[in-house]
Each structure stands twice: as structure tokens, then as C-alpha cells.
Amino acid sequence: MYFGVRSLGGSPTGHFCRKLRTMKVETTVFLSEELLTALGTQAPDPRDRSELVEAALREYLPQLRKRDPSRDLEIINANAAELNQEAEDVLSYQVMP
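Residues numbered from 1 in each chain as written. Predicted model: local features only at pLDDT ≥ 70, side-chain atom pairs only at ≥ 80, totals over all residues. Heavy atoms only, no water.

## Thoughts on the packing of helix α1 (residues 33–42) against helix α2 (residues 46–65)
Argument step 1. Packing of α1 against α2 brings their axes to within 9 Å, and their N-to-C directions diverge by 110°. Taken together, α1 and α2 sit at an angle that is classed as roughly perpendicular. Crossing of α1 over α2 shows right-handed handedness. Taken together, the residues of α2 that come into contact with α1 (itself represented by Leu-39, Gly-40 and Gln-42) are Arg-49, Leu-52 and Val-53.
Argument step 2. Here the contact of α1 with α2 is built from residues that sort into three nonpolar, two polar and one charged. (Axes fitted to C-alpha atoms, helices over the stretch in contact; angles between N-to-C directions. Helix = DSSP H or I, 4+ residues; strand = E, 2+ residues; numbered from the N terminus. Parallel < 35°, antiparallel > 145°, perpendicular 65-115°, else oblique. Left-handed = near helix turned anticlockwise from the far one by under 90°. Contact = heavy atoms within 4.5 Å. Nonpolar A, V, L, I, M, F, W, Y, C, P; charged D, E, K, R; others polar.)

This is the structure in C-alpha cells:
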């Protein structure tokens with residue numbers, strides 16, 4: 001099963017949300033059966049499903065931007081030796097006047 005409708009090239013479909021004054025774009029979103037069932041339970045009407053998914057994304061996406069950067073630091077530290085060697089190699093090509 002899938003949720004949503006198809007859009008060719010991501011072009012606006014002409015649906016207009018007066019509340020937000022933004023164009024809506026039709027899209028297809030593939031969900032697991034479990035999520036689709038939960039979504040259908042919460043919002044049986046397809047229009048309500050779209051609103052629920054949009055509200056959930058509006059809530060979740062800002063959290064991604066504010067995520068804890070400690071994972072980034074962990075990745076950098078795990079590759080520090082290689083990164084430092086690469087930096088030293090680049091610096092060796094510089095000519096000092």
C-alpha cells in the first residue's frame with residue numbers, strides 16, 4: 001500500500017491552502033503497513049492524513065536541525081588520524097615566500 005498521489009516533476013497541483021497561503025504539491029510517500037494502519041486509524045479521511053503527515057513533519061524537521069552535534073564529533077574523532085595526515089599532506093605543498 002502507499003499513501004498519497006503522484007506528481008509529475010514535482011510541479012504544483014493547483015491545490016491552494018488559504019490558511020498558510022502556500023501551494024500544495026501532490027507526492028507519493030511509501031510507508032510500512034504498520035505506519036499506514038496507524039495513520040488510517042488517526043485520520044481515516046485522506047485529506048486528514050495529508051494534514052497529519054504535514055503537521056508531523058513540521059514538528060519533526062526543526063528537531064533535526066537542532067540535533068545534538070556529538071555524533072558529528074564522534075565521527076570526526078574516529079577519523080582524526082586520517083584527516084590530520086591529509087591536512088599535513090596538503091600543507092606540504094604550500095610554498096612559503
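And the narrative resumes.
## Side note on the pattern of salt bridges
Should the charged atoms of two oppositely charged side chains come close, the side chains can pair.
Argument step 1. This model, assessed by the stated rule, comprises four salt bridges.
Argument step 2. Between Arg-47 and Asp-45 there is a salt bridge, and its shortest N-O distance comes to 3.2 Å.
Argument step 3. Since its relative accessible area comes to 25%, Asp-45 is described here as partly exposed.
Argument step 4. Among the ionic pairs, Glu-74 bridges to Arg-71, the shortest N-O distance being 3.0 Å. Linking Glu-74 with Arg-71, this pair stays in helix α3 (residues 70–78), spanning three residues, or about one helical turn.
Argument step 5. The partly exposed category is assigned to Glu-74, whose relative accessible area is 48%.
Argument step 6. Given the relative accessible area of 45%, Arg-71 is considered partly exposed.
Argument step 7. Within this structure, Lys-24, Glu-54 and Arg-58 form a network of salt bridges that share partners. (Salt bridge = Lys/Arg side-chain N within 4 Å of Asp/Glu carboxyl O. Buried < 20%, exposed > 50% of the residue type's maximum accessible area, 1.4 Å probe, protein only.)

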